[in-house]
Amino acid sequence: MKIVYLIADGMGGYPLDELGGKTTMEAAVTPNMDEMAKNGIVGVAQTVPEGMQPGSDVANMSLLGFDPAEYHTGRGPIEAAAQGLKLDPDDLVWRLNLVTVSQLNIDGIMRDYSSGHISSEVSRPVVETLQERLGDDRYKFYPGIQYRHLLVQKDGANDPDAEININPPHDITDKSIKLDLRAYSRSPFLWDLLFESKEILGDRGINMSMANSIWPWGQGRPLNLPDFKETFGLDGAVISAVDLIKGLGNASNMAVIDVEGATGLLDTNYEGKVEAALEFLKENDFVFVHLEGPDECGHGGDTADKVEAITRFDARVVAPLREALKDEEIAWIVTCDHFTPIVERTHTMDAVPFIINGTGCDASGVDEFSEKSANSTGLKLEKGFELLSYALEKVGKK
Ligand SMILES: [Zn+2]
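Definitions and limits used
The residue numbers shown here count from 1 along each chain, following its written sequence. Per-residue local features are limited, in this predicted model, to residues with pLDDT of at least 70; the limit for side-chain atom pairs, both in listing and counting, is 80 or more; totals at the level of whole chains, interfaces and linings are taken over all residues. Hydrogen atoms and water are omitted, and side-chain values are computed over all heavy atoms in the structure. Coordinating donors are taken as N, O and S atoms within 2.8 Å of the metal, stretched to 3.2 Å for Na, K and Ca; because water is absent from the atoms, sites can appear incomplete. A run of DSSP states H or I qualifies as a helix once it reaches four residues; a run of E qualifies as a strand once it reaches two. Both are numbered from the N-terminal end. For every residue, the accessible area obtained with a 1.4 Å probe (protein chains only) is divided by the maximum for its type, and the residue is called buried under 20%, exposed over 50%, and partly exposed between those limits. Note on contacts: a residue pair is in contact if any heavy atoms of the two residues lie within 4.5 Å. Charge counting follows a simple rule: Lys and Arg are positive, Asp and Glu are negative, and His as well as the terminal groups are ignored. One side-chain nitrogen of Lys or Arg within 4 Å of one carboxyl oxygen of Asp or Glu is enough to make a salt bridge. Only centres within 6.5 Å qualify two rings of Phe, Tyr or Trp (six-membered ring in Trp) as a pair; their planes then separate them into stacked at under 30 degrees, edge-to-face at over 60, and tilted for everything else. Cavities and pockets are defined on a 1 Å grid built over the protein atoms alone: a cavity is a set of grid points where a 1.4 Å probe fits but cannot escape, while a pocket is an open set with protein on both sides within 12 Å along at least five of seven lines, and lining residues are those with an atom within 4 Å of any such point. Grid points are joined across faces, edges and corners, and a volume is the space filled by probe spheres set on the points. Throughout this entry, Asp, Glu, Lys and Arg are counted as charged residues, while Ala, Val, Leu, Ile, Met, Phe, Trp, Tyr, Cys and Pro are counted as nonpolar. The remaining residues, Gly among them, count as polar.

Visitor: Just to check I follow, could you spell out the coordination of the zinc ion for this structure?
Guide: In a perfect tetrahedron of four donors around a metal, the angles come out at 109.5 degrees. In a perfect octahedron of six, they are 90 or 180 degrees. In this structure, Asp-9 (OD), Asp-9 (OD), Ser-56 (OG), Asp-337 (OD) and His-338 (NE2) serve as the protein donors to the zinc ion, at separations of 1.9 to 2.6 Å. Donor residues for the zinc ion sit on one chain with the sequence pattern D-x46-S-x280-D-H. Of this pair, Ser-56 sits in helix 3 (residues 56-63) while Asp-337 sits in the loop between strand 11 (330-335) and strand 12 (352-357), placing them 281 residues apart in sequence. With a relative accessible area of 7%, Ser-56 lands in the buried category.

Shown next, in the form of structure tokens:
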């Protein structure tokens, strides 16, 4: 028996007036997920533990079977794992955004967490210059993709800096940066770095983008996950456009499969992901296929696009995989990592709906796959990180 684990990031949401009181999951056309829900186990899982931020990093770590309360050290460390950076256990790894602020002082406002979705071609030389001019024994800048980069603070994990609490910049769009600047000011070195970077970013010979500040956040010790195969006895792969999923895969020694044209948006290469999953399953046991589209549409507050993203997930990922694997013995897990409700435009703590479908699974009898139907069965996994082992047990794989 092989396991296909399908994640529509941010798929869950709340009822909307503009959809006549339906959620985007209910409004989407999802005959495949509906049928799998009817014939499978349906419930909800608390992927984000109480007291933690409902980020994709925390939630997907849970889905992969690792307790975030034990293993999650920050967003930066997961992305460093995606890049395969060599780190020491006492390094402090920051995620580093290039951002646009109205002004870099306590009256400042966060204008754009992405510097107008800066391209890698423009951002890479900027971060390389920051490293050239400001990198030293204490700090090292690593260019990443678009607006997402890394800053490694040598031996910083034991400094008070490790405890500084900086808002993720995408959570404070058009809001004050006062509290964050106060937090930065507690570290004299970081404070200097911020203002020295500002000078460099202000040089039009170096930086032609909207970026006018660095924004280090999400810091922590290097990520150290158990080996996936040792833990679950499965040769697994992750397939995703998103760095943090690749980081989780790398850190747990799973295969990380890159698919050309996987964008994380509505227009992603669905067929390429399906093909990559089928190819990997020929010789191996487990694929974790992650689609980012519904989450992006939730952040954008676009109802029609989110409905379409969920419809496409069913039609272009779930359907072709079911068709191609109809003669194989497959157990399916279908879920989302967290809700990204249109009305909130950000992630929430709600327990996520899931389907487990395969030999040995009782039929829930629900008539569709939705937030409501999943909650109606009364099955709730309070520890979301147990969903995978729960599913493996139900299908007789553990
Ligand atoms: Zn997510």
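Visitor: Teacher, can you tell me more about the environment of Ala-255 here?
Guide: With respect to the helices and strands, Ala-255 occurs in strand 9 (residues 255-257). Note: C-alpha distance between Ala-255 and Val-287 (32 residues apart in sequence) is 9.2 Å. If sequence neighbours within four positions are ignored, Ala-255 has contacts with Gly-236, Ala-237, Val-238 and Phe-280.

Visitor: Help me understand the side chain of Lys-273 in this model?
Guide: Looking at where Lys-273 falls in the secondary structure, it is placed in helix 11 (residues 270-283). Buried and without a salt bridge, Lys-273 has Glu-292 as its closest oppositely charged side chain, separated by 8.0 Å. If we skip the residues at most four places from it in the chain, Lys-273 touches Ile-239, Ser-240, Ala-241, Val-259, Ala-262, Thr-268, Val-289, His-290 and Leu-291.

Visitor: How should I be thinking about the pattern of salt bridges in this particular structure?
Guide: Pairing between side chains of opposite charge can happen when their charged atoms approach one another. Scanning the model with the defined rule gives 17 salt bridges in all. With a shortest N-O distance of 2.6 Å, Lys-246 and Asp-258 are connected by a salt bridge. Placement of Lys-246 in helix 10 (residues 243-251) and of Asp-258 in the loop between strand 9 and helix 11 is noted, with a sequence separation of twelve residues between them. What makes Lys-246 buried here is its relative accessible area of 17%. With relative accessibility at 57%, the residue Asp-258 sits in the exposed group. Each of the salt bridges in this network shares a partner with another, and the network as a whole consists of Arg-75, Glu-79 and Arg-95.

Visitor: Quick question: what am I supposed to make of the packing of aromatic side chains here?
Guide: Ring pairs (aromatic) are described by centroid distance and by the angle formed between their planes. Taken as a whole and assessed by the stated rule, the structure comprises ten aromatic pairs. Ring geometry for Tyr-184 and Trp-215: centres 5.5 Å apart, planes at 85°, overall edge-to-face. Note that Tyr-184 is positioned in helix 7 (residues 178-185) and Trp-215 in strand 7 (residues 213-220), a separation of 31 residues in sequence. With relative accessibility at 0%, the residue Tyr-184 sits in the buried group. Ring geometry for Phe-228 against Phe-286: centres 4.8 Å apart, planes inclined by 45°, an arrangement best described as tilted. Note that Phe-228 is positioned in helix 9 (residues 228-232) and Phe-286 in strand 10 (residues 286-291), a separation of 58 residues in sequence. By relative accessible area, which is 1% here, Phe-228 ends up buried. Using a relative accessible area of 0% as the deciding quantity, one classes Phe-286 as buried.

Visitor: Looking at this structure, I do not really get the environment of Val-4. What am I missing?
Guide: Within the secondary structure, Val-4 sits in strand 1 (residues 2-8). Considered as a pair, Val-4 and Ile-333 are 329 residues apart in the sequence and their alpha carbons are 6.3 Å apart. For Val-4, the contacting residues outside a window of four places in its chain are Leu-281, Val-287, Leu-321, Leu-325, Ile-330, Ala-331, Trp-332 and Ile-333.

Visitor: For this particular structure, what's the right way to read empty space enclosed by the protein?
Guide: Empty space among the atoms becomes visible once a probe the size of a water molecule is rolled across them. All told, the structure shown has one cavity of 30 Å³ or more when counted by the stated rule. Surrounding the largest cavity, Leu-265, Thr-268, Tyr-270, Leu-291, Gly-293, Pro-294, Ala-309 and Phe-313 form its lining. At the level of elements, helix 12 (293-300) and helix 13 (303-324) are the ones that each hand at least two residues to the lining of the largest cavity. Partitioning the lining of the largest cavity into residue classes produces six nonpolar, two polar and no charged.

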